[in-house]
There are 2 protein chains.
Amino acid sequence: MRELKRKRGRPPTIDADAAMRAVVELFRSKGYAAVSLDELSEVTGLSRPSLYRSFGNKLSMYLRAIDVFGEQVVESAVPKLQDDGDLEVALTNFFSEMLNIYYRDDDIAPGCLVFGTAPSNADEAEIQSRLSFSIEQVDQLMRARMQKAFPARGSAQLDSAVHIASNTLIAFSARAKSGATKSELLEIGAQSAHAICTLLQGERAD
Amino acid sequence: MRELKRKRGRPPTIDADAAMRAVVELFRSKGYAAVSLDELSEVTGLSRPSLYRSFGNKLSMYLRAIDVFGEQVVESAVPKLQDDGDLEVALTNFFSEMLNIYYRDDDIAPGCLVFGTAPSNADEAEIQSRLSFSIEQVDQLMRARMQKAFPARGSAQLDSAVHIASNTLIAFSARAKSGATKSELLEIGAQSAHAICTLLQGERAD
DNA sequence: GATATTTTGTACTGTTTCGTACAGAATTAA
DNA sequence: TTAATTCTGTACGAAACAGTACAAAATATC
């Protein structure tokens, strides 16, 4: 609440948010297991003890990084999906915005922190939990948006369309890391959005 | 060619194929970076020097594991896709067979060695190369099979369907690792196959 | 039986990594 | 000025790890 009241001892000089942004970048370009605390120390500019004090051990740093990454997605990409208007446009814009996150450049792609790095380390229960939560979240957001656009569709048709959309996003991560350019994936996103709308428009509801 | 001719010194006792199968299992459940040579030594039953002599260092073991895994896919799942007859059936059976590989049980899923673990370590050039090759391979197989079933379809319609299928498969890996059951993914595979055929049948060729 | 040849694991070195104890720095309160 | 408090990094110990030298084991050849 009040932050004018100076605390007692030596004032903190660490920018935890900036450090966490660097942590996210390192984890999503190198994965979880391949990253050492020394590297994290280097990219954040914080000493190893400072990292422990601010964020705990490597696992808790990674989990927190996933949360931060998720917030970024919720802030910048999810609104595009939830935009009223044409579903195909909303889906295309959502995919496009996600690719802006996955790519730093048209060529160089740190990819998705969750879908790109979590599967390798899902033997860790808390990591698997975040992965499963993320997938469910995407499925659920897709389902809500499609249901809004096509209220008459049956649950089966909806599920099918939902999974096509989610799977497209999940696969983007692997494709980006494989060296595909952003433009190529933009095209795949647009194809996917178009196909989904074709399906939802064309099929008879049971 | 001739193998009756006994070689000169101490006869080898190592079963390289069995060892490599164990290597594949370890890598795809724990990822690349998290695996140590001591663990590889333990699961294969070979000493660390024997591992070096047989397969080289960790990277070359991993690359070879990817090749072995790929052969397994080509032998058991790809034929299902290439089966003549209904495309929807072929796709469904292909997905099903891939899930048999991804899952050891209905619940426990080591997942896909390539799509599950390679993206985390794609900064290594040779790993990225295998990942990109695998994706291209899947895209190409899908395209060939769909073109055979729907020769009249235009390239754009085909591309769209191809990517839906490939993305389904790629996403299976993440979904399996996230804790989804095999039955759930079988359902998603069937949905995807049905949607693809609906699209290819329904759309007019330009 | 002795020697050459090939395979194999024990044991060693140097490096990397994690985690923390502890001392020094920077500030407020007395 | 001194003491209390909070923040920070240097420096240490312990464990894990990669890679290899070397000796022992097991066979063929002489």
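Thresholds, definitions, all that
Residues take numbers from 1 onward in each chain, read along the sequence in its written order. All chains are assigned letters beginning at A, and all ligands numbers beginning at 1, according to the order in which they are written. Side-chain atom pairs in this predicted model are given and counted only at pLDDT of 80 or more, local residue features only at pLDDT of at least 70, and totals for whole chains, interfaces and linings cover all residues. Note: side-chain values were computed over all heavy atoms of the structure, leaving out hydrogens and water. Secondary structure elements are defined from DSSP: runs of H or I of at least 4 residues count as helices, runs of E of at least 2 residues count as strands, and each element is numbered from the N terminus. Contacts between residues were defined by any pair of non-hydrogen atoms, one from each residue, lying within 4.5 Å. Calculation of accessible area relied on Shrake-Rupley with a 1.4 Å probe; when residues are assessed, cover is drawn exclusively from the protein chains displayed. When charges are counted, neither His nor the chain ends are considered; positive counts come from Lys and Arg and negative counts from Asp and Glu. Charge positions are represented by NZ for Lys, CZ for Arg, CG for Asp and CD for Glu. Domain start and stop positions are those given by an automatic or database domain assignment. Using a 1.4 Å probe, buried area is obtained as the accessible area two parts lose upon being combined, added over both of them. Put simply, a residue is near a molecule or strand once any heavy atom of it comes within 4 Å of that molecule or strand. Any pair of N or O atoms that falls within 3.5 Å is considered a polar contact. Within protein, one atom must be able to donate a hydrogen and the other to accept it, and sequence-neighbouring residues count only if both atoms are side-chain atoms. Here, a salt bridge means any side-chain nitrogen of Lys or Arg that lies within 4 Å of a carboxyl oxygen of Asp or Glu. Working definition: with a 1.4 Å probe on protein chains only, accessible area under 20% of the residue-type maximum means buried, over 50% means exposed, and in between means partly exposed. As a rule, the C-alpha atoms of each element are fitted with a line to give its axis, helices using only the stretch in contact, and angles between N-to-C directions run from 0 to 180 degrees. For this classification, under 35 degrees means roughly parallel, over 145 means roughly antiparallel, 65 to 115 means roughly perpendicular, and everything else is oblique. Least squares is used to superpose the copies, and the fit set is the C-alpha atoms of residues whose pLDDT is at least 70 in both copies. Among the buried residues, those of types Ala, Val, Leu, Ile, Met, Phe, Trp, Tyr and Cys that are joined through side-chain atoms within 4.5 Å form a nonpolar core.

Scanning chain A from terminus to terminus reveals 10 helices and zero strands. For chain A, the proportion of contacts with a sequence separation of at least 24, taken over those separated by at least 6, is 68%. Just so you have it, chain A exposes about 10200 Å², and 48% of that area is on carbon and sulfur atoms. The average position of the 24 basic charges and that of the 28 acidic charges among the side chains of chain A differ by 10 Å.

So, about the domain arrangement of chain A. Residue and element names in this part refer to chain A. By the assigned domains, chain A splits into domain 1 (12-70) and domain 2 (77-206). Between the C-alpha centres of domain 1 and domain 2 there is a distance of 27 Å. Between domain 1 and domain 2, the contact holds 15 residues from the first and 16 residues from the second. Summing the contributions of domain 1 and of domain 2, the shared interface buries around 1400 Å²; its carbon and sulfur component is 65%.

The next thing to look at is the protein's contact with DNA strand D. Of all residues adjacent to DNA strand D, which total 27 residues, the nearest are Arg8, Thr13 and Ser50 of chain A together with Arg48 and Tyr52 of chain B. Taken together, the sugar and phosphate atoms account for 64% of what DNA strand D places within 4 Å of the protein. At a separation of 3.0 Å, a phosphate oxygen of DNA strand D approaches a polar side-chain atom of Ser47 of chain A. Arg53 of chain A has a polar side-chain atom sitting 3.0 Å from a base nitrogen of DNA strand D. Where the surface near DNA strand D is concerned, the elements lending two or more residues are helix H3 (48-55) of chain A together with helix H2 (37-44) and helix H3 (48-55) of chain B.

What follows covers the pattern of salt bridges. Scanning all chains against the criterion turns up 16 salt bridges over all chains. For Glu39 of chain A, the salt bridge identified is with Lys30 of chain A, shortest N-O distance 2.5 Å. A salt bridge links Glu25 of chain B to Arg104 of chain B; the nearest nitrogen and oxygen atoms lie 3.0 Å apart. Here Glu25 of chain B is found in helix H1 (residues 16-30), whereas its partner Arg104 of chain B is found in the loop between helix H6 (87-102) and helix H7 (113-117), with 79 residues between them in sequence. For Glu25 of chain B, a relative accessible area of 25% puts it in the partly exposed group.

Next up on the list: the packing of helix H6 (residues 87-102) of chain A against helix H8 (residues 125-149) of chain A. Residue and element names in this part refer to chain A. Where H6 contacts H8, the axes come no closer than 10 Å and their chain directions differ by 160 degrees. On the basis of the axis angle, H6 is roughly antiparallel to H8. For the pair formed by H6 and H8, the contact residues are Leu87, Ala90, Leu91, Phe94 and Phe95 on the first element and Met142, Arg145, Met146 and Ala149 on the second.

A word on the interface of chain B and chain A. Counting residues at the interface gives 38 residues for chain B, matched by 38 residues for chain A. Interface area, chain B with chain A, both sides summed: about 3100 Å², of which 58% is carbon and sulfur. On the chain B side of the interface with chain A, the three residues burying the most area are Ser120, Asn167 and Arg175 of chain B, jointly 18% of the side's total. The tally of links between chain B and chain A comes to two salt bridges. Between Asp139 of chain A and Arg175 of chain B there is a salt bridge, with its nearest N and O atoms 3.0 Å apart.

Okay, the relation of the copies chain B and chain A next. Turning one copy of the chain about an axis and sliding it along that axis gives the other copy, so a rotation and a shift relate them. Each copy of the sequence occupies a distinct position, and chain B is placed on chain A by a rotation of 180 degrees and an axial shift of 0.0 Å, giving an RMSD of 0.0 Å. Within this description, the copies of the chain are treated as partners about a two-fold rotation axis. Both copies contact each other with a shared surface, as 100% of the interface residues of chain B are interface residues in chain A too.

Bringing the protein's contact with DNA strand C into the picture now. DNA strand C sits among 25 residues. The nearest are Arg48 and Tyr52 of chain A together with Arg8, Thr13 and Ser50 of chain B. For DNA strand C, the fraction of protein-proximal atoms (within 4 Å) that sit in sugar or phosphate groups is 63%. In the environment of DNA strand C, a sugar or linking oxygen lies 2.6 Å from a nitrogen or oxygen atom belonging to the backbone of Arg8 of chain A. Contributing elements (two or more residues each) for the surface near DNA strand C: helix H2 (37-44) and H3 of chain A together with H3 of chain B.

Counting 132 residues, the largest nonpolar core has Tyr102 and Met146 of chain A together with Tyr102 and Met146 of chain B as the members making the most contacts within it. Once residues within four sequence positions are removed from consideration, Met146 of chain A is found in contact with Leu87, Leu91, Leu158, Ala161, Val162, Ala165, Ile196 and Leu200 of chain A.

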